[in-house]
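One-letter residues, chain by chain:
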Amino acid sequence: MIRSRTSLLSPRLGADYATHPYDAHCIILACRRLACYRKQWYQDPEDWSPPEGSSFVQMRSLVQHLLDQYTVPDFMASAWWTHYPDFTGMELYLHLGAGYSIRRFPKLSPFEITKVMAEELIDVPADLCWMSAIRWCQIRSLGGDARLARILISQTMLRWPTSDERFWETVIRFLIQYQPISEAEMSAIVNFIQEQRFLPAEKTWGIGAGSTPVQPEFSLQGRTLMSLRRHMVHWRSDLMDRGILPPPDVNRLDFPWERCEIRAFRCKQEDEVWSIEELLTPRQLQNEGKAMQHCVADYISKCIRRKTSIWSMKKQTGSRQRRQLTIEVLPEKRVIFQASGKCNCEPSEMAREILQSWADQEGLTINQTL
């Protein structure tokens, strides 16, 4: 039927709307998927009259003819001809085509579709995919204009759902309120916030910074556009002033964080000297992780922010010193949270006795799971 009525599958050279081979492949995929949903058709394909237009205009018309009991926005039709199957998009199309509200569709997490967002759905540009369309509706419902919506969708990671939609809504509200003039600045603001709050510090800051973001608690609360601009330019010096980043003449790997108030430990047992000392630089954590064959180097950012502290228990016999345990202590709670031997093995009985002696000396509580 499609081959006989249209040029979708039989492109003619020189035709006004010749079908590119890649587009033809997408059309074939769409036909195949529509056939799989034969039971959801509301009309027969024989009753379809193809309109003038490109291959996708005609394909959209066929999708609407077969599946629309109620009008579905034009942008939704593209879910049927994506290169990889978009099952959620196709199910959403069927949901809307049956007359149900998008707010009742259960698979849109992490988005929370408001009533105002749902009302914006009908005016979404036809060239957007359905995920970008939801972002468009969100921006428009919050008071943003079409220009801002187009920039955020086309030039930033906000074209896709994120892991923290509530936070990114505050960013969108900020951009709506202050309306940066240039497109480049809007993109730069989003990219900067993504790097500071969500990407590993190893990428943002440099070698030795760990896997936790540089500013995982970053917030726009209390900031103006001018103060944000200043921070985007001077963020390294700002973090140096707060003791999070080292000065330029200090290697990042050797820049120490603030020492914990908990004291180190040292005792002698027969011919052995046991010690417990805090690790205070990224390089020390990396060396500990390599020697003990575990992932303690991933705790660098937490140590920098003083969310935790890492200690190394060693045993010296004669001139030879060996690591026995790597210990995590939560400074604020004064809790020995975990202690692991080489390759994360359980502490030996002697190591447990030394650990208990240190806990008694410093008034620490040992986690019951140890």
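Our structure's up above, just so we're on the same page.
Residues numbered from 1 in each chain as written. Predicted model: local features only at pLDDT ≥ 70, side-chain atom pairs only at ≥ 80, totals over all residues. Heavy atoms only, no water.

Caption draft 1: Quick look at the nonpolar core. By size, the foremost hydrophobic cluster in this structure holds 78 residues, and its most contacted members are M59, L67, W80 and I193. I193 has contacts with F167, W168, V171, F198, F218 and L220, leaving out every residue within four places of it along the chain. By size, the runner-up hydrophobic cluster in this structure holds 19 residues, among which are F265, W311, L325 and L364. (Core = buried A, V, L, I, M, F, W, Y, C linked by side-chain atoms within 4.5 Å. Buried < 20%, exposed > 50% of the residue type's maximum accessible area, 1.4 Å probe, protein only. Contact = heavy atoms within 4.5 Å.)

Caption draft 2: Up close: empty space enclosed by the protein. Under the counting rule described, the total for this entry stands at 3 cavities of 30 Å³ or more. Reported here for the largest cavity is a volume of approximately 50 Å³. Every residue lining the largest cavity is listed: A201, W205, P213, V214, I244, S301, I304 and R305. Of the residues in the lining of the largest cavity, the class split is 6 nonpolar, 1 polar and 1 charged. (1 Å grid on protein atoms, 1.4 Å probe; cavity = no way out; pocket = protein on both sides within 12 Å on 5 of 7 lines; lining within 4 Å. Points joined across faces, edges and corners; volume = space filled by probe spheres on them. Nonpolar A, V, L, I, M, F, W, Y, C, P; charged D, E, K, R; others polar.)

Caption draft 3: Structural view of helix α4 (residues 87-97). When you tally the buried positions in α4, you get 8 out of 11 residues, the bulk of the element. Among all positions in α4, only G89, M90, L92, Y93, L94, H95, L96 and G97 are buried. Buried residues along α4 sit against α2 (21-36), α3 (55-67) and α6 (130-141). G99 sits one or two positions beyond α4 and adopts a positive phi of about 95°. (Helix = DSSP H or I, 4+ residues; strand = E, 2+ residues; numbered from the N terminus.)

Caption draft 4: Quick look at the pairing of strand β4 (residues 320-330). Summarising the sheet, strand β3 (residues 309-317) and β4 pair through 9 bridges and their orientation is antiparallel. Following the sheet pairing, S309 is matched in β4 by V329. Two successive antiparallel strands, β3 and β4, enclose a turn made up of 2 residues, where G318 displays a positive phi of approximately 65°. Taken together, the 5 bridges between β4 and strand β5 (residues 335-340) define a ladder with antiparallel strand orientation. Considered in β5, the bridge of I327 is made with A339. What sits between the antiparallel neighbours β4 and β5 is a turn of 4 residues, in which R334 has the positive phi angle 55°. (Pairing = 2+ DSSP bridges.)

Honestly, it's all geometry; don't read function into it.
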